[in-house]
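Here are the chains, one letter per residue:
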Amino acid sequence: MSYLGPEFDPPQPRRPRRGPLTVALAALVPGALLGWVVYEAVGGGTGDGGVRTASAAPASGTSAAPSPSARSASPSAATDDGKRPSGGSASGPLKGKVVVIDPGHNPGNFQHTAEINRKVDIGTNRKECDTTGTSTNDGYTEARFTLDVAHRLRSLLEKQGATVKLTHDGDSPAWGPCVDQRARIGNAAHADAAISLHADGSAQGNRGFHVILPGSVHSGAADTRRIVGPSHDLGVRVAGNYLRETGEPPSNYLGNGTGLVTRTDLGGLNLSTVPKVFIECGNMRDSKDAALLTSGAWRQKAAQGISEGIVSFLRGS
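Throughout this description, residue numbers start from 1 for each chain and increase along the sequence as written. Only residues with pLDDT of at least 70 get local features here, since the model is predicted, and only at 80 or more are side-chain atom pairs given and counted; chain-wide, interface and lining totals rely on the full set of residues. Excluding hydrogens and water, the side-chain figures rest on all heavy atoms present in the structure.

Considerations on the side chain of asparagine 206
Considering the arrangement of structural elements, one finds asparagine 206 in the loop between strand E5 (193-200) and strand E6 (210-214). You can call asparagine 206 buried: its relative accessible area is 10%. Within polar-contact distance, the side chain of asparagine 206 engages the side chain of serine 202 at 2.8 Å. Strands are runs of DSSP state E lasting at least 2 residues, helices are runs of H or I lasting at least 4, and numbering of each runs from the N terminus. Three exposure classes are used, based on accessible area relative to the maximum for each residue type with a 1.4 Å probe and protein chains only: buried under 20%, partly exposed in between, and exposed over 50%. Two N or O atoms count as a polar contact when they lie within 3.5 Å, although within protein this holds only if one can serve as hydrogen donor and the other as acceptor, and sequence-adjacent residues are included solely when both atoms are side-chain atoms.

Looking at the sheet that holds strand E9 (residues 260-263)
A pair of strands is considered paired only if DSSP assigns at least 2 bridges between the two. Read across the sheet, six strands follow the order E4-E1-E5-E10-E6-E9 without closing on themselves; strand pairing throughout is mixed. Two strands bound the open sheet, and with one partner strand each, they are strand E4 (163-166) and E9. With strand direction ignored, the average angle separating the axes of adjacent strands in the sheet is 25°. The sheet contact formed by strand E1 (residues 98-103) and E4 spans four bridges and is parallel. Looking across to E4, one finds that valine 100 is bridged to lysine 165. Any pair of residues with heavy atoms lying within 4.5 Å of one another is described as a contacting pair. Angles shown run from 0 to 180 degrees and are taken between the N-to-C directions of axes, each axis being a line fitted to C-alpha atoms and, for helices, limited to the stretch in contact. Lying on the sheet, helix H5 (residues 142-159) is in contact with E1, E4, E5 and strand E10 (276-283); it crosses E5 at an angle near 145°.

Here we look at the packing of aromatic side chains
Aromatic rings from Phe, Tyr and Trp, taking only the six-membered ring of Trp, are treated as a pair when their centres fall within 6.5 Å; an angle between ring planes under 30 degrees marks them as stacked, one over 60 as edge-to-face, and anything in between as tilted. According to the stated counting rule, one finds two aromatic pairs in the structure shown. Residues tyrosine 242 and tryptophan 298 carry aromatic rings whose centres are separated by 6.3 Å and whose planes lie at 90° to one another, so their mutual orientation is edge-to-face. Taken as a pair, tyrosine 242 in helix H7 (residues 228-246) and tryptophan 298 in helix H10 (residues 296-316) lie far apart in primary sequence, 56 residues in all. Just as tyrosine 242 is buried, tryptophan 298 falls in that class too. Taken together through their ring pairs, the aromatic side chains of Phe209, Tyr242 and Trp298 make up a single cluster.

Quick word on the nonpolar core
Among buried residues, those of type Ala, Val, Leu, Ile, Met, Phe, Trp, Tyr and Cys that are joined through side-chain atoms within 4.5 Å constitute a nonpolar core. In this structure, Leu157, Ile306 and Ile310 are the most contacted members of the largest nonpolar core, which totals 40 residues. Mapped onto this core, the elements with two or more residues apiece are E1, H5, E4, E5, E6, H7, E10 and H10. Of the residues forming this core, the biggest block, eight residues, is contributed by H10. Beyond its immediate sequence surroundings of up to four residues, isoleucine 310 is in contact with Val99, Leu153, Leu157, Ala193, Ile195, Leu234 and Val238. One finds Val100, Ala191, Ala194 and Val274 within the second-largest nonpolar core, a separate group that totals six residues.

A closer look at the state of the cysteines
The bond known as a disulfide is covalent and runs between the sulfur atoms of two cysteines. Disulfides are defined as pairs of cysteine sulfur atoms found within 2.5 Å of each other. For the coordinates displayed, the defined rule picks out one disulfide. Disulfide pairing places cysteine 129 opposite cysteine 178 at an S-S distance of 2.1 Å. One quick way to see it: the torsion about the S-S bond of cysteine 129 and cysteine 178 is about -95°, and its sign makes the bridge left-handed. In this pair, cysteine 129 sits in the loop between strand E3 (126-128) and H5 while cysteine 178 sits in the loop between E4 and helix H6 (179-188), placing the two residues 49 residues apart along the sequence. Each member of the pair, cysteine 129 together with cysteine 178, is buried.

Here we look at the packing of H5 against H10
Put simply, H5 and H10 touch, their axes get as near as 9 Å, and they point 50° apart. In terms of orientation, H5 and H10 fall into the oblique class. Handedness of the H5/H10 crossing: right-handed. Residue-level inspection shows Phe145, Asp148, Val149, Arg152, Leu153, Leu156 and Leu157 of H5 in contact with H10, the latter providing Gly296, Trp298, Arg299, Gln300, Ala303, Gln304, Ile306, Ser307, Ile310 and Val311. In this scheme, roughly parallel covers angles under 35 degrees and roughly antiparallel covers those over 145, while 65 to 115 is roughly perpendicular and the rest are oblique. Two helices cross in a left-handed way if the nearer one is turned anticlockwise from the farther one by less than a right angle. They cross in a right-handed way if the turn is clockwise.

Examining the environment of proline 249
In this structure, proline 249 sits in the loop between H7 and E9. With a relative accessible area of 16%, proline 249 lands in the buried category. Remark: the alpha-carbon pair of proline 249 and phenylalanine 209, spanning 40 residues in sequence, is separated by 6.5 Å.

Considering the pairing of E10
Counted residue by residue, E10 has eight buried out of eight residues, so it is predominantly covered. Here six bridges tie E5 to E10, and the two strands are oriented parallel to one another. Directly across from histidine 198, in E10, lies its bridge partner glutamate 280. Sheet topology note: the E6/E10 ladder contains three bridges and is antiparallel. Directly across from isoleucine 212, in E10, lies its bridge partner phenylalanine 278.

What about the pattern of salt bridges?
One speaks of a salt bridge when a side-chain nitrogen belonging to Lys or Arg is within 4 Å of a carboxyl oxygen belonging to Asp or Glu. Under the criterion given, the structure shown has 14 salt bridges. Note that arginine 207 is salt-bridged to glutamate 248, the shortest N-O span being 3.3 Å. Of this pair, arginine 207 sits in the loop between E5 and E6 while glutamate 248 sits in the loop between H7 and E9, placing them 41 residues apart in sequence. Assessed through its relative accessible area of 22%, arginine 207 is described here as partly exposed. Using a relative accessible area of 1% as the deciding quantity, one classes glutamate 248 as buried.

Digging into the pairing of E1
For E1, the tally of buried residues reaches six of six residues, placing the bulk of the element in the interior. Pairing geometry for E1 and E5, over five bridges, is parallel. Considered in E5, the bridge of proline 103 is made with leucine 197.

Next up, the structure:
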């Protein structure tokens, strides 16, 4: 997802650097010590005084993905999409747990620009319903990537016994859903955990993943105060496991090397009443990250890392 889109406030410049916690985060394992260490690293408190809004350095004119006619992808992207029939194990360590996976954007958004451009209430203000997302320079779209990883992640979680729901799948719905509806789907499911999958559209040379945590918001329909703590725990566990499984480094342009960013301008987080995070799995506009994101084998590792973070959170909560 590009930071030049209606779901984001304009970025503020900051000096990119990789903090000393990059190595520490790689060694972290899920648990109380893990949460405390990274919690201290990202500034502790999550009240209004401690909320940070992310900034980025996107490439000019690269925020929107090309039209469907211009899409292309590597052979692994085209043939290894991780799809499987829905349905989980009757038993397992996550039996009774509900996870909602939100694949960012929708491949059909390109044909429904009028619908996705209408404004919706995100609590703090009004923003466009959705965006088309970004793409690699070769045309592999973020929307295709997120659906692929969502299918893989669903399969892994269902094998653990979880009930898994996607906010959209295939051609249903044909576009969207809007960001407010994506949040409501997780709320209505009474999800024990929810995650929104994305890939960034920043400049060449900006590499790595970051997990976006909800800041404390209490405005209009938005009230994240009860989910800030558990969402932070979920995000820490996802970040640590994702790093270990994929080898993808924490972002070198956001989060000061922690792989964690707190934001208050995202409708999908602001309107959530269940523990929820976003993950930007890498930067589609960077050639090194793009080579990973277009690999089916690597996407399986990405799904595995996210899954293990969610499983750790659910078994520890």
